[in-house]
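Chains, contacts and geometry: an overview
The primary structure of each chain is shown beneath.
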Protein chains: 2
Amino acid sequence: MVLNDQQIAGMDKAQRTALMNSITGYKPLNLLGTISANGRPNVCIVSSVFHMGSNPALLGMIMRPPRPNNDSLCNIRDTRSYTLNNVTADHYREAHQTSASYPSGVSEFEQCGLEEYYHEDHKAPFVASSFIKIGLEVAQIIDIELNGTTLVIGKVVHVIINDNVVGEDGSIDHVIANSLAGSGLDGYFQPRLLDRLTYAKPDKPVKSLIGEDDH
Amino acid sequence: MVLNDQQIAGMDKAQRTALMNSITGYKPLNLLGTISANGRPNVCIVSSVFHMGSNPALLGMIMRPPRPNNDSLCNIRDTRSYTLNNVTADHYREAHQTSASYPSGVSEFEQCGLEEYYHEDHKAPFVASSFIKIGLEVAQIIDIELNGTTLVIGKVVHVIINDNVVGEDGSIDHVIANSLAGSGLDGYFQPRLLDRLTYAKPDKPVKSLIGEDDH
């Protein structure tokens, strides 16, 4: 199948949305925790979080154009505080349910059966059952005029994580953390490790870091 | 383990880099194809591609601060054309090898054993062995002053894809497309489908779209 931009623009809306939401590959899944200026918590599933830098530790996130009942971005603009929490195989249904359009001010924590967790010095709520809890403060908000989305860049100010999910090299083992990957708008996937490879250099072939390198 | 921003800033650099590159969860893996103004092709693996919109179809990508021998962003600025191609279980070693720092002007296609594929009307090269080939034109380039990275926003102008990887609803089946997910800087993962869930509504619980919903 070969499609050009005019054919894409002419597609059925649901088909185009499904295609474009799945075309980039597997997506990281996180629960975005926020709180309003007057203390009402909010949580919703997001699949658009990405690494932007390690020092300072910055994560990016794309927010959809403002809609009714969509409190997360308002809360982030008001409080400058938010959290990202990994979606696990134990609570992916509750996580998916947070994407429903609840009335403004209603807590999806309560409605969807997810427990809040508060940490001293961090305003926004974490998700208690997530093994990876990241507390962020807004570093920069960029409005994307092309299509009305918003890029929120956050500085990581808290990491709350089970010791057993962090490897010797500092990296997180998402299999132990029970993290899921997403695809499209409704697919939940459990990855298994295929390989870890050595740092690539021009003058030698990469090798496997796990087990025997016999393939 | 609980870390605050000062403790993160004080971490060993390699540990912090490993932690921050893995903390967001599983990442989509793509091969970025570009070509210089004078016709030299370039390909490198990227894990920072994300959905920004379906109509117009826009994808975002974060590029690291400019380094020596790093031609991709220069090529994109010069030609306004690039491609994204899924990383598969069949060529993940070759894909990883493209992250080595080859001298400027050397083609990683040739050095790493990946074959170019050219499509009429699209300047930048695709990766022949990828089942999902996306051709993009620059829509906007935003320099992020916070840390010297660059956000490249591309409009999808070509999709070249095997028919069998597209489902009835228009979404891509990444298991059939043989796509891998990444974690950190060196981990390659093969996801398996855990579940697909119904569109979430406030007044009813989500259900599974696959098999019997008995859990």
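Here's a quick rundown of the structure. (Residues numbered from 1 in each chain as written. Chains lettered and ligands numbered in written order. Predicted model: local features only at pLDDT ≥ 70, side-chain atom pairs only at ≥ 80, totals over all residues. Heavy atoms only, no water.)

Observations concerning the overall build of chain A
Along chain A, the regular secondary structure elements total five helices and 13 strands. Its C-alpha atoms give chain A principal-axis dimensions of roughly 60 × 50 × 30 Å. The 215 residues of chain A split such that 57% are buried. For chain A, the computed accessible surface area is about 9100 Å², with 47% contributed by carbon and sulfur atoms. Separation of charge centres in chain A, based on 17 positive and 25 negative side chains, amounts to 5 Å. (Helix = DSSP H or I, 4+ residues; strand = E, 2+ residues; numbered from the N terminus. Buried < 20%, exposed > 50% of the residue type's maximum accessible area, 1.4 Å probe, protein only. Areas by Shrake-Rupley, 256 points an atom, 1.4 Å probe, with all protein chains shown as cover. Lys, Arg positive; Asp, Glu negative; His and termini not counted. Charge placed at Lys NZ, Arg CZ, Asp CG, Glu CD.)

A word on the interface of chain B and chain A
How big an interface is tends to be stated in terms of accessible area lost as the parts join. Taken together, the contact pairs 97 residues of chain B with 97 residues of chain A. Carbon and sulfur atoms make up 60% of the surface buried where chain B meets chain A, a total of about 8600 Å² over both sides. If you sort the residues of chain B by the area they bury against chain A, Met1, Tyr26 and Arg93 of chain B come out on top, with a joint share of 10%. Our count for the chain B to chain A interface comes out at six salt bridges. Scanning the region where chain B abuts chain A turns up 42 residue pairs in polar contact (both at pLDDT 80 or more). For the side of chain B that touches chain A, the element with the most residues is strand E13 (residues 187-196) of chain B, which contributes 10 residues. Each residue belonging to the side of chain B that touches chain A can be placed in one class, and the counts come to 51 nonpolar, 31 polar and 15 charged. (Contact = heavy atoms within 4.5 Å. Buried area = accessible area lost by both parts, 1.4 Å probe. Salt bridge = Lys/Arg side-chain N within 4 Å of Asp/Glu carboxyl O. Polar contact = N/O pair within 3.5 Å; in protein donor to acceptor, adjacent residues only side chain to side chain. Nonpolar A, V, L, I, M, F, W, Y, C, P; charged D, E, K, R; others polar.)

Looking at the relation of the copies chain B and chain A
Relative to chain A, chain B is turned by 180° and slid 0.0 Å along the rotation axis, the superposed coordinates differing by an RMSD of 0.0 Å. Taken together, these values place the two copies in the relation of a two-fold axis. Among all residues of chain B, the minimum C-alpha distance to the rotation axis is found for Pro191 of chain B, at 1.8 Å. Residue by residue, 100% of the interface of chain B is reproduced at the interface of chain A, so both copies engage with the same surface. (Least-squares fit on C-alpha atoms with pLDDT ≥ 70 in both.)

Let's talk about the sheet that holds E13 of chain B
Read from one edge to the other, the open sheet built from six strands follows the order E2(A)-E12(A)-E13(A)-E13(B)-E12(B)-E2(B), with strand pairing classed as antiparallel. Bordering the open sheet on either side are strand E2 (27-28) of chain A together with strand E2 (27-28) of chain B, each of which pairs with just one other strand. Here strand E12 (residues 181-183) of chain B pairs with E13 of chain B via three bridges, running antiparallel. Bridged to Ala181 of chain B within E13 of chain B is Phe189 of chain B. (Pairing = 2+ DSSP bridges.)

Focus on the side chain of Thr79 of chain A
Tracing the chain through its elements places Thr79 of chain A in helix H3 (residues 72-79). Excluding anything up to four places from it in sequence, Thr79 of chain A contacts Ile35, Ser36, Ala37 and Lys123 of chain A.

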